[in-house]
Each structure stands twice: as structure tokens, then as C-alpha cells.
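A structural walkthrough
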Amino acid sequence: MKMHFFPPCQRPAAAPSPHHLLCKWSPPLPLTQERDGGGRPAAAVSQAGFTLVELMVVIVIIGLLATVVMINVMPSQDRAMVEKARADVSVLEQAVETYRLDNLVYPRTEQGLDALLRAPAGLARPERYRRGGYIRRLPADPWGNSYQYRQPGEHGVFDIFSLGADGAAGGEGDNTDIGNWH
């Protein structure tokens, strides 16, 4: 239970005295209103909200954290895209080898990787072509471009490759070509 607090100089006097001229008296607050440490009403102190400076500090901290996360995540995404391209090239390479085992020849450059989806025209023995093809669908590289196929290849019997992030032959870093010769 809260009790009214009257400092010695603020107690109400039944009759005026010379002592009351030195003190400022205010009526006691209702029991439902809280007081701060000095006996003053705490209503003004307990108002909820944030100042503009506090909000700006929080926004700056969130911006710095987002920058740190982006700096650390973006290189990981680039590495993941390169690894996905390598995995896709490996799957396509295995499909081309399986095509050769069944049909005794590699698909020609003009037939391309589409020969893995449906039998190309002009097969010597079309009955040997696997029903349903050698892959379900041709994937696009992580940058949205088609994988390239050459037979005969410059690096082997056949080449399967992605042109990298820039979509052009050659390049360095993220723009380097990713093929079955690496």
C-alpha cells in the first residue's frame, strides 16, 4: 500500500505559521499516481517513446550489420554458383557418355545437348536410343545461360561448358568459363 509522503517542510499546517513561508506546499497526489525519488509525480518521466537520436542510432547499427552480412554472404553465393555449374557440367558429361555407350557415337555439335532429351534425326540405329532420353531437362547455368557443347572439343573428345557470369568466352574470376576440362 502506498502512503503519502510529506517532507518536513511540506506538511500541511492547520494554522499559518512563519515556517510555511519558507516551504512550498503542494497537495498530496492520489495513491494511484507514482512518484520519482524526489517525491515529484513520475507521470512526465514514464511517457513511452523513442527520441529521434535513438531511432537514428538503431538505423545506423542495422545498416552496419546488413553491410557486414552482405560482404560475407556475396562471395559465398558466387562460389555456390560456380560449384553448381561444375555439378551441372558433370551430370551433362555423364549423360553424353551414356548416349555414346548406347548409340556408339557422340552427339554432333549441331545436334547439341538437345540430343540428350530426344533422339536426333539420322541415328544409325534409332532403336538403341533410350526411351525418355538421357536427362529429364536441360538445365540453364547459374547465370541463366545455356550450357555449350562442342564435338569434337578443343580440350577433349567433346566439350561441355558454361561461359561464366559474363556470358562471353574467356574471362577471369567469376567470368571464367567452366567446363568438363577443369
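Please refer to the structure higher up on the page.
Let me begin by describing the structure that accompanies this report.

Rules behind the numbers
Residues numbered from 1 in each chain as written. Predicted model: local features only at pLDDT ≥ 70, side-chain atom pairs only at ≥ 80, totals over all residues. Heavy atoms only, no water. Core = buried A, V, L, I, M, F, W, Y, C linked by side-chain atoms within 4.5 Å. Buried < 20%, exposed > 50% of the residue type's maximum accessible area, 1.4 Å probe, protein only. Helix = DSSP H or I, 4+ residues; strand = E, 2+ residues; numbered from the N terminus. Contact = heavy atoms within 4.5 Å. Phe/Tyr/Trp six-rings, centres within 6.5 Å; stacked < 30°, edge-to-face > 60°. Polar contact = N/O pair within 3.5 Å; in protein donor to acceptor, adjacent residues only side chain to side chain. Pairing = 2+ DSSP bridges.

This next bit is on the nonpolar core. Among the nonpolar cores identified, the biggest contains 20 residues, and L92, V96, Y99, L113, L116, Y149 and I160 are the most heavily contacted of them. No other element matches the seven residues that helix α1 (residues 52-103) contributes to this core. Sequence-distant contacts of Y149, defined by excluding residues within four places in its chain, comprise V96, Y106, P107, R108, T109, G112, L113, F158, D159 and I160.

Another aspect to go through is the packing of aromatic side chains. All told, the structure shown has six aromatic pairs when counted by the stated rule. Taken together, a centroid distance of 5.1 Å and an interplanar angle of 90° make the contact between Y129 and Y134 edge-to-face. Summarising the burial analysis for this pair, Y129 and Y134 share the class buried. Taking 6.2 Å as the distance between ring centres and 35° as the angle between the ring planes, the aromatic pair formed by Y149 and F158 counts as tilted. A residue is classified by how much of its surface remains accessible, and F158, at 5% relative accessible area, is buried.

Turning to its location among the elements, Q111 is positioned in the loop between α1 and β1 (148-150). At 2.8 Å, the side chain of Q111 forms a polar contact with the backbone nitrogen of R108. Excluding its chain neighbours within four sequence positions, the residues that come into contact with Q111 are Y99, P120 and A121.

With that settled, the discussion passes to the sheet that holds strand β2 (residues 159-162). The sheet built from three strands is open, its strands ordered β1-β2-β3 with antiparallel pairing. Strands with a single pairing partner mark the edges of an open sheet, and in this sheet they are β1 and β3 (178-179). Across two bridges, β2 lies against β3 in antiparallel orientation. Its bridge partner lying in β3, F161 is registered against G179.

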